[in-house]
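Spelled out from the first residue to the last, the chains are:
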Amino acid sequence: MTKQWAPLSRAKAPFFYFKQWLWGNSAPQKKQNHSRHNESYRKELEDEKSMFDAGSPPPFKIGEIRAAIPPHCWVKSPWRSMSYVLRDLVVIAALAAMAMHFDSCLVMWPFYWFAQGTMFWALFVLGHDCGHGSFSDNATLNNIVGHFLHSSILVPYHGWRISHRTHHQNHGHVERDESWHPLTEKTYKSLEKSTKWLRFTFPYPLLAYPIYLWYRSPGKSGSHFSPSSDLFVPHEKRQVLTSTFCWSMMIALLLGLSWTVGVIPVLKLYGVPYLVFVMWIDLVTYLHHHGQPNLPWYRGQEWTYLRGALTTVDRDYGWINNIHHDIGTHVIHHLFPQIPHYNLVEATKGAKPVLGKYYREPQKSGPLPVHLFWVLMRSLRVDHFVSDEGEVVYYQADPDLTTKHE
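Residues numbered from 1 in each chain as written. Predicted model: local features only at pLDDT ≥ 70, side-chain atom pairs only at ≥ 80, totals over all residues. Heavy atoms only, no water.

## Looking at the overall build of the chain
Counting its secondary structure elements, the chain contains 19 helices and 2 strands. Split into buried and exposed, the 406 residues of the chain put 54% on the buried side. Look at the contacts in the chain between residues 6 or more apart in sequence, and 74% of them connect residues 24 or more apart. For the chain, the accessible surface area stands at approximately 19,100 Å², while carbon and sulfur atoms represent 64% of it. (Helix = DSSP H or I, 4+ residues; strand = E, 2+ residues; numbered from the N terminus. Buried < 20%, exposed > 50% of the residue type's maximum accessible area, 1.4 Å probe, protein only. Contact = heavy atoms within 4.5 Å. Areas by Shrake-Rupley, 256 points an atom, 1.4 Å probe, with all protein chains shown as cover.)

So this is what it looks like as structure tokens:
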């Protein structure tokens, strides 16, 4: 087995100096406010120093994890799934009605944008369940609801569903993974300086999703809208065309509304919440595969479906957990994407004794997951590329880019 070991101190130094710059040595109140974050980070470093080899083959089989999950967690209820759709649509309608009623209240609009963008993200997660077949056992119902939900937030349902299936089938694989996969050192060094800076400088990575839908990630070609893309096989072309047509109808609706009621109202009611949704999807999907010390990536014979799934990370989002349908319980979701979202927490509790150290306990969040901002910032500073060689590799930092961010 060929391994590329990550330096034990690869994240400690830049983040330490960032904290010193931000808080200084005479800000005990701020340090106290961030004590939980600091404690979690210290624990991560202690775990890393303990030399637990997260990249080693686990001593359990995927069947043992499956057996530990209560049987009822696998049961899908279309009525329960539809109730979440109804709940989210009612909240979205109520927020839009409130915004139109209090149009002249400038203080209200930032609240509306954040809340409505979060609800758009919740709709995406329900459409995501449709794509996995965990919404119901009825494929027709899944596709109809999935198209409605995803088209409403400008996501091509089948194009995304197929590429997301590729992501799950190859999670944790350096070359074959589809979304937020690491850049190899060779690919990284071939990028323009401006591209590197944008990719690893906040907030630009949180605006990447529309670009990904059109052009995919660096090193990959194709589009989620084109049936001739490398993402799809011939028998999937009609499905991709259907989703692109539904996406186009949503664009036409927005253009029609802009012509009828004006561009500004459409931007205020839909455009800004859409950007908040984009930031949510980029933040969540990134942090479920980054921001953790000693997180391996695989290639060659060392990759297996089980080991790849164990590279994912659970996150706690506080009050948002219920709003975005517990998508933070991501490890079990990657192992068994057919489990409905409303059973993921219980399934995780059942599986944790089997997973042992291979399960990374998420840091507890306050009402809002502000602690994840620091995780994101730290990751953007140190998770830049992986080695071109080796079958078990870890993220490395570009010293030049890290220095520029200090």
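## Observations concerning the packing of helix 7 (residues 139-152) against helix 12 (residues 237-261)
Between helix 7 and helix 12, whose axes approach to 9 Å, the crossing angle comes to 45 degrees. In terms of orientation, helix 7 and helix 12 fall into the oblique class. Seen from above, helix 7 lies across helix 12 with right-handed handedness. Of the residues in helix 12, those in contact with His147, Ser151 and Ser152 of helix 7 are Thr242, Ser243, Cys246, Trp247 and Met250. Of the residues assigned to the contact of helix 7 with helix 12, the class counts are 3 nonpolar, 5 polar and no charged. (Axes fitted to C-alpha atoms, helices over the stretch in contact; angles between N-to-C directions. Parallel < 35°, antiparallel > 145°, perpendicular 65-115°, else oblique. Left-handed = near helix turned anticlockwise from the far one by under 90°. Nonpolar A, V, L, I, M, F, W, Y, C, P; charged D, E, K, R; others polar.)

## Comments concerning unusual backbone geometry
The omega torsion across Phe202 and Pro203 is 5 degrees, close enough to zero to call that bond cis. In this fold, Pro203 is placed in the loop between helix 10 (193-199) and helix 11 (209-215). Positive phi, close to 60 degrees, is recorded for Leu154, a residue that is not glycine. Its place among the elements puts Leu154 in the loop between helix 7 and helix 8 (157-169). The backbone phi angle of Asp326 is positive, close to 55 degrees, even though this residue is not glycine. Looking at the element boundaries, Asp326 is found in the loop between helix 15 (320-323) and helix 16 (330-335).

## A look at the side chain of His164
One can find His164 in helix 8. On the basis of relative accessibility, which here comes to 14%, the residue His164 falls in the buried class.

## Comments concerning the environment of Tyr359
Relative to the helices and strands, Tyr359 is located in the loop between helix 17 (344-355) and helix 18 (371-382). On the accessibility criterion, Tyr359 (10% relative accessible area) is buried. Separated by 305 residues in sequence, Tyr359 and Ala54 have C-alpha atoms that sit 9.6 Å apart. Excluding residues that lie within four positions of it along the chain, Tyr359 makes contacts with Asp314, Val331, Thr348 and Lys352. Of the polar contacts made by the side chain of Tyr359, one reaches the side chain of Asp314; its length is 2.7 Å. (Polar contact = N/O pair within 3.5 Å; in protein donor to acceptor, adjacent residues only side chain to side chain.)

## What to know about the packing of aromatic side chains
Scanning the entire structure with this criterion turns up 26 aromatic pairs. Pairing Tyr209 with Phe277 gives two aromatic rings, centres 6.4 Å apart and planes at 80 degrees, and the pair type is edge-to-face. Residue Tyr209 is located in helix 11, and its partner Phe277 is located in helix 13 (residues 263-287); the two are separated by 68 residues in the primary sequence. With respect to class, Tyr209 is no different from Phe277; both count as buried. Arranged with centres 4.1 Å apart and planes meeting at 25 degrees, the rings of Trp214 and Phe225 form a pair that is stacked. Here Phe225 lies in the loop between helix 11 and helix 12 and Trp214 lies in helix 11, a separation of 11 residues in the sequence. (Phe/Tyr/Trp six-rings, centres within 6.5 Å; stacked < 30°, edge-to-face > 60°.)

## A look at a nonpolar patch on the surface
Together, Trp197, Leu198, Tyr204, Leu207 and Leu275 line one region of the surface with nonpolar side chains, adding up to about 450 Å² of accessible area. Along the chain, Leu275 falls in helix 13. According to the relative accessible area criterion, Leu275 is partly exposed, its value standing at 45%. (Patch = residues over 30% accessible without salt bridge, like charges linked within 9 Å, V, L, I, M, F, W, Y side chains within 5 Å. Salt bridge = Lys/Arg side-chain N within 4 Å of Asp/Glu carboxyl O.)

## A closer look at the pattern of salt bridges
Counted according to the given criterion, the structure contains 9 salt bridges. Put simply, Arg216 and Glu178 hold a salt bridge, and the shortest N to O gap is 2.7 Å. Of this pair, Arg216 sits in the loop between helix 11 and helix 12 while Glu178 sits in the loop between helix 8 and helix 9 (185-190), and the two are 38 residues apart along the sequence. Note on accessibility: Arg216 and Glu178 belong to one class, buried.

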